[in-house]
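# Geometric and topological summary
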Amino acid sequence: MSLPSDMPAFNRSVVEDFRAHDGEITMDGMLKGADLVLLTTVGRRSGRQHIVPLAYLTDGDDRIVLWASNMAAAEHPAWYRNLATNPQVIIERPTSAGIDLFTGTVHTATGAERERLFAMLADRFPHMAAHQQQTEREIPLVVVGRVSGLTE
């Protein structure tokens with residue numbers, strides 16, 4: 001999957017490192033060794049694919065949980081806003097056998113599901129869960145369910 005020409009330089013370097021090392025982040029910096037997935041969405045205005053590296057949780061074998069924290073900003077991140085228009089995504093996830101590339105469909109967790117997933121987030125990434133206290137908006141927790149596998 002090629003990278004968009006207008007992708008921010010930092011994200012481009014993370015995506016290139018991720019793909020070059022089967023999902024392991026080797027570049028120096030705060031993300032070195034981090035567990036990330038690559039999320040590809042379709043832009044709600046442009047209709048073009050956008051790729052963003054994100055930390056994640058797993059919920060069962062085939063569910064990925066992402067949080068639209070946007071570092072506690074007042075606005076949802078662009079990738080989350082794209083999902084309102086098109087909930088079909090592509091996920092690249094590292095496994096012991098290399099990259100698992102699959103299509104998925106998303107929903108935003110609500111009610112008891114959100115509470116359970118937020119507790120998982122707070123346990124695993126307390127510094128990320130703390131973002132909820134730093135913003136007035138409810139940080140969406142996005143559940144990605146596998147639809148089908150892909151090959152590059």
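Heads up: these notes are all about the structure in this document. The structure displayed is predicted, hence computed values, not measured ones. (Residues numbered from 1 in each chain as written. Predicted model: local features only at pLDDT ≥ 70, side-chain atom pairs only at ≥ 80, totals over all residues. Heavy atoms only, no water.)

### Focus on the layout of surface pockets
Operational definition: Computed over the protein atoms alone on a 1 Å grid, cavities are sets of points where a 1.4 Å probe fits but cannot get out and pockets are open sets with protein on both sides within 12 Å along at least five of seven lines; a residue lines them when it has an atom within 4 Å of a point. Grid points are joined across faces, edges and corners, and a volume is the space filled by probe spheres set on the points. The way it works is that DSSP assigns letters per residue, a run of H or I at least four long becomes a helix, a run of E at least two long becomes a strand, and they are numbered from the N terminus. Three classes are used: nonpolar for Ala, Val, Leu, Ile, Met, Phe, Trp, Tyr, Cys and Pro, charged for Asp, Glu, Lys and Arg, and polar for all others, with Gly counted as polar.
Considering only enclosed or pocket space, the largest pocket measures out at about 1000 Å³ in volume. When residues of the lining of the largest pocket are traced back to their parent elements, those giving at least two are helix H1 (9-20), strand S1 (36-42), strand S2 (49-55), helix H2 (78-85) and helix H4 (126-129). Take the lining of the largest pocket: its biggest share by element is six residues, from S2. Tallied by class, residues from the lining of the largest pocket come to 22 nonpolar, nine polar and six charged.

### Re H1
Just so we agree on the cut-off: In a helix, the anticipated span is given by 1.5 Å times the number of residues less one. The classification of residues rests on relative accessible area computed with a 1.4 Å probe and restricted to protein chains. Under 20% of the type maximum is buried, over 50% is exposed, and intermediate values are partly exposed. The arc in question is the one spanned by the directions pointing from the helix axis to the C-beta atoms. Should any heavy atoms of two residues lie within 4.5 Å, those residues are considered in contact.
The end-to-end C-alpha separation of H1 is 16 Å, in line with the 16 Å expected for 12 residues at 1.5 Å each. Of all the positions in H1, only Asn11, Val14, Val15, Asp17 and Phe18 are classed as buried. The buried residues of H1 occupy one face: seen down the axis, they fall within an arc of 165 degrees. In H1, the exposed positions angled more than 90 degrees off the buried face are occupied by Ala9 and Ala20. Those residues of H1 that are buried are in contact with S1, S2, strand S5 (88-95) and strand S6 (98-108).

### Considering the packing of aromatic side chains
This is how it is decided: What counts as a ring pair is set by centres within 6.5 Å for rings of Phe, Tyr and Trp (its six-membered ring), and what kind of pair is set by the plane angle: stacked under 30 degrees, edge-to-face over 60, tilted for all other angles.
Applying the stated criterion across every chain, the model contains two aromatic pairs. Ring geometry for Trp67 versus Phe125: centroids 5.2 Å apart, planes at 45 degrees, classification tilted. Of this pair, Trp67 sits in strand S4 (residues 63-67) while Phe125 sits in the loop between helix H3 (111-124) and H4, and the two are 58 residues apart along the sequence. Overall, the relative accessible area of 7% leaves Trp67 in the buried class.

### Describing the sheet that holds S2
Put simply, the test is: Whether two strands pair depends on DSSP finding at least two bridges between them.
Taking strand neighbours across the sheet as the criterion, the seven strands line up as S2-S1-S5-S6-S7-S4-S3 in an open arrangement whose pairing is antiparallel. A single partner strand is all that each edge strand has here, and the edge strands are S2 and strand S3 (57-58). Looking at chain direction, S1 and S2 are connected through seven bridges and run antiparallel. By the bridge assignment for S2, Thr40 is matched with Ile51.

### Looking at the pattern of salt bridges
The condition that has to hold: By definition here, a salt bridge exists when the distance from a side-chain nitrogen of Lys or Arg to a carboxyl oxygen of Asp or Glu is within 4 Å.
Per the counting criterion, the structure on display carries eight salt bridges. A salt bridge links Arg124 to Asp35; the shortest N-O distance between them is 3.1 Å. With Arg124 in helix H3 and Asp35 in the loop between H1 and S1, this residue pair connects regions lying 89 residues apart in the sequence. Owing to a relative accessible area of 42%, Arg124 belongs among the partly exposed residues under this scheme. Asp35 gets classed as partly exposed once you look at its relative accessible area, which sits at 40%. Arg63 serves as the salt-bridge partner of Glu113, at 2.9 Å between the closest nitrogen and oxygen.

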